[in-house]
Amino acid sequence: MVADIPADWVKAAVAITPGFEVQGDPYQGASGDFDGMGISCGALQWNIGKGSLQPMVKNAGKSNVLAAMPKFGQDMWDACNTTIAKGLSIVRRWQNGTKLKPAALTELRGFMGSPAMRAQQDQRIGKVADVAFNLASGWAKNRLNGTPTKRSFCWFFDIATQNGSLKGLTFADVARFLDQNKPDRADDVVCDFLGSRTGASGHINDAKKNAQLWRNKADGDKLELLVMSYLRSNTADPKWQHVVLNRKGTIAMGVGWVNSGKNDFAKHGL
């Protein structure tokens, strides 16, 4: 990990990004096949379907797997030492539909929280943190003081984890948007978009609440990151744009509604 990243920044990012989906200790997060990935585990939801969980399990070692998972450990080891298709087939046997059976969930949580798997997670979190810090540093070069903020680091950590890139967008695009709408109108454009969404889903309700919550509350890097959240969401499939904006905007603003729950990141210094 880049030595210059403050430890509390990484701690905040690890709490925020998985916190939208995982309750409790993010390192022990475990969920079923809701997204077609078989199982998704740990702070950044490494999974069988994309092959991101298997190398971590192998590095932890068979003895640690069997020790933490007395009932499902051999299955877990087999699932991580075969093809993705066969691995998916194995872990799907532990589920009712897309929900993990209680015994499998308990063992997976115990395994992911074990010292061996915490170490594996920390290694990979460090790599994501490096990417996020470099992105935040590049972003900061175009701002007045040229220094990354904790807010921008956490925002880019989520980008690095969930999206991978800004899809070619730069700070210049944000500056142009602010100039075209002037700072006192920029947040209104974002909030008008959210407020105009139609439908009865939880994500739509979140969008409408965020429109009210964020209007006339953004300035400085909050406003800049909110605008980038809006611009980045516009690169997504239209049916998911408000979902992306709910999440990214909540990190930018430090408060917001995501997945039908209100998040307040003041405790993390945002």
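This section reports on the structure supplied with the text. Since the model is a prediction, treat every value here as computed from it, not as a measurement.

What to know about the packing of aromatic side chains
Phase 1 of the analysis: Here the structure, examined in full by the defined rule, presents 9 aromatic pairs.
Phase 2 of the analysis: Their ring planes at 80° and their centres at 4.9 Å tell us that Trp139 and Phe171 sit as a pair that is edge-to-face. Highlighted residues: Trp139 in helix α7 (residues 115–140) and Phe171 in helix α9 (residues 171–195), separated in sequence by 32 residues. Note on accessibility: Trp139 and Phe171 belong to one class, buried.
Phase 3 of the analysis: Pairwise contacts between aromatic rings join Trp139, Trp155, Phe156 and Phe171 into one cluster.
Phase 4 of the analysis: Between Lys209 and the ring centre of Trp257, over which it is positioned, the NZ or CZ distance is 3.8 Å.

Brief notes about the environment of Lys58
Phase 1 of the analysis: Its location among the elements puts Lys58 in helix α2 (residues 54–60).
Phase 2 of the analysis: Apart from residues lying up to four places away in sequence, Lys58 is in contact with Trp77, Cys80 and Asn81.

A short note on the side chain of Gln95
Phase 1 of the analysis: Of note, Gln95 is situated in strand β4 (residues 95–96).
Phase 2 of the analysis: Polar contacts involving the side chain of Gln95 include one to the main-chain carbonyl oxygen of Gly38, which spans 2.9 Å.
Phase 3 of the analysis: In terms of polar contacts, Gln95 uses its side chain to reach the backbone carbonyl oxygen of Val91, at 3.2 Å.
Phase 4 of the analysis: Discounting residues that sit within four places of it in the chain, Gln95 has contacts with Gly32, Asp33, Gly38, Ile39, Leu100 and Lys101.

Focus on the pairing of strand β7 (residues 261–264)
Phase 1 of the analysis: Looking at chain direction, strand β6 (residues 255–258) and β7 are connected through 4 bridges and run antiparallel. Residue Val258 lies in a different strand from β7, and its bridge partner there is Gly261.
Phase 2 of the analysis: Count of turn residues in the β6/β7 antiparallel hairpin: 2 residues, of which Asn259 carries a positive phi of about 50°.

Digging into the pattern of salt bridges
Phase 1 of the analysis: What the rule picks out here adds up to 11 salt bridges.
Phase 2 of the analysis: The residue Arg92 makes a salt bridge to Asp33 at a minimum N-O spacing of 2.8 Å. Here Arg92 is found in helix α5 (residues 84–92), whereas its partner Asp33 is found in the loop between β1 (30–31) and β2 (40–41), with 59 residues between them in sequence.
Phase 3 of the analysis: Put simply, Asp188 and Arg215 hold a salt bridge, and the shortest N to O gap is 3.1 Å. With a gap of 27 residues between them, Asp188 in helix α9 and Arg215 in the loop between α10 (202–214) and α11 (220–233) connect regions that are remote in the sequence.
Phase 4 of the analysis: Asp188 sits in the buried class, given a relative accessible area of 11%.
Phase 5 of the analysis: With a relative accessible area of 28%, Arg215 lands in the partly exposed category.
Phase 6 of the analysis: The structure contains a network of salt bridges with shared partners spanning Arg185, Asp188, Asp192 and Arg215.

Describing α10
Phase 1 of the analysis: Between its terminal C-alpha atoms α10 stretches 18 Å, which fits the 18 Å expected from 13 residues at 1.5 Å a residue.
Phase 2 of the analysis: Buried residues of α10: Ile204, Asp206, Ala207, Asn210, Ala211 and Trp214, and no others. Take α10 and look down its axis: the buried residues cluster within an arc of 155°, on one side only.
Phase 3 of the analysis: Tucked into the core, α10 has its buried residues touching α9, α11, α12 (241–253), β6 and β7.
Phase 4 of the analysis: Where α10 ends, the next residue or the one after it, Asn216, has phi of about 60°, a positive value.

Thresholds applied
Residues numbered from 1 in each chain as written. Predicted model: local features only at pLDDT ≥ 70, side-chain atom pairs only at ≥ 80, totals over all residues. Heavy atoms only, no water. Phe/Tyr/Trp six-rings, centres within 6.5 Å; stacked < 30°, edge-to-face > 60°. Helix = DSSP H or I, 4+ residues; strand = E, 2+ residues; numbered from the N terminus. Buried < 20%, exposed > 50% of the residue type's maximum accessible area, 1.4 Å probe, protein only. Lys NZ or Arg CZ within 6 Å of the ring centre and 35° of its normal. Contact = heavy atoms within 4.5 Å. Polar contact = N/O pair within 3.5 Å; in protein donor to acceptor, adjacent residues only side chain to side chain. Pairing = 2+ DSSP bridges. Salt bridge = Lys/Arg side-chain N within 4 Å of Asp/Glu carboxyl O. Expected span 1.5 Å × (residues − 1). Arc of directions from axis to C-beta.

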